[in-house]
Amino acid sequence: MDVSLFHKYGGIQTISTLVHDSYDDILLEPILAPLFQDVDMAKLLDHQVKFFSHVLGGPAHYEGRSLEAAHRGLSIGDDQFQKLVDILQANLQELGVAPDDVQAILDIVRSVKEKIVQHA
């Protein structure tokens, strides 16, 4: 029986730690922080915990806007997206996620890049 990444790493508590720690780091980055100036962070963090839980095989059901709609008009570039991936990778490693699983999670994130990054 295959165990989801959600369950393998401790479920909602680990996902919540990952999301909160990652956003703490994101908000310290000069190229990322401006994207969150007018964002209700409590609401965003709640949505992100549900989103990551869902995509990693957990029971949480994500009902937010589509990725395209949520990022439309933000002019997110390749450098910003890569910085976010780097932060997520560092936080996954700090949580003790196995290298193969880190790669699998980052592959999921990279698979939606075209829905987030906007090219002029």
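Shown above is the structure to which this text applies.
In short, a report on the structure. Just so we're clear, the structure is a prediction, and the values are computed from it rather than from any experiment. (Residues numbered from 1 in each chain as written. Predicted model: local features only at pLDDT ≥ 70, side-chain atom pairs only at ≥ 80, totals over all residues. Heavy atoms only, no water.)

1. Considering the overall build of the protein
Point 1. A count of helices and strands for the protein gives seven helices and zero strands.
Point 2. Taken from the N to the C terminus, the helices and strands of the protein come in the order α-α-α-α-α-α-α.
Point 3. In terms of principal-axis extent, the alpha carbons of the protein reach across some 45 × 25 × 25 Å.
Point 4. Each of the 120 residues in the protein was classed as buried or not, and the buried ones make up 37%.
Point 5. Put simply, 72% of the contacts in the protein that link residues at least 6 apart link residues at least 24 apart.
Point 6. Accessible area of the protein: about 7,300 Å², with a carbon and sulfur share of 53%. (Helix = DSSP H or I, 4+ residues; strand = E, 2+ residues; numbered from the N terminus. Buried < 20%, exposed > 50% of the residue type's maximum accessible area, 1.4 Å probe, protein only. Contact = heavy atoms within 4.5 Å. Areas by Shrake-Rupley, 256 points an atom, 1.4 Å probe, with all protein chains shown as cover.)

2. Side note on the pattern of salt bridges
Point 1. Summed over the entire model, instances satisfying the criterion amount to five salt bridges.
Point 2. Across the pair E29 and K83 runs a salt bridge whose closest N-O atoms are separated by 3.9 Å. Placement of E29 in the loop between α2 (12-26) and α3 (41-55) and of K83 in helix α5 (residues 78-94) is noted, with a sequence separation of 54 residues between them. (Salt bridge = Lys/Arg side-chain N within 4 Å of Asp/Glu carboxyl O.)

3. With respect to a negative patch on the surface
Point 1. On the surface, D21, D24, D25 and E94 cluster together into a negatively charged patch.
Point 2. The element best represented in the negative patch is α2, accounting for three residues.
Point 3. Position of D25 among the secondary structure elements: in helix α2.
Point 4. Owing to a relative accessible area of 31%, D25 belongs among the partly exposed residues under this scheme. (Patch = residues over 30% accessible without salt bridge, like charges linked within 9 Å, V, L, I, M, F, W, Y side chains within 5 Å. Lys, Arg positive; Asp, Glu negative; His and termini not counted. Charge placed at Lys NZ, Arg CZ, Asp CG, Glu CD.)

4. Some words on the nonpolar core
Point 1. Ranked by internal contacts, the top residues of the largest apolar core, which has 33 residues, are Y23, F52 and L92.
Point 2. Of all the secondary structure elements, the ones that give two or more residues to this core are α1 (5-8), α2, α3, α5 and α6 (99-111).
Point 3. Ranked by the residues each element gives to this core, the list is headed by α3, at six residues.
Point 4. Excluding residues within four positions of it along the chain, L92 makes contact with L18, V97, V102, I105 and L106. (Core = buried A, V, L, I, M, F, W, Y, C linked by side-chain atoms within 4.5 Å.)

5. Quick look at empty space enclosed by the protein
Point 1. Applying the stated criterion to the full structure yields one cavity of 30 Å³ or more.
Point 2. In this model, the largest cavity occupies a volume close to 60 Å³.
Point 3. In this structure, the largest cavity is lined by L5, Y9, T14, I15, L18, L56, L92, L95, V97 and I105.
Point 4. Among the elements that line the lining of the largest cavity, the one with the most residues is α2, at three residues. (1 Å grid on protein atoms, 1.4 Å probe; cavity = no way out; pocket = protein on both sides within 12 Å on 5 of 7 lines; lining within 4 Å. Points joined across faces, edges and corners; volume = space filled by probe spheres on them.)

Read these as spatial facts, not as claims about activity.
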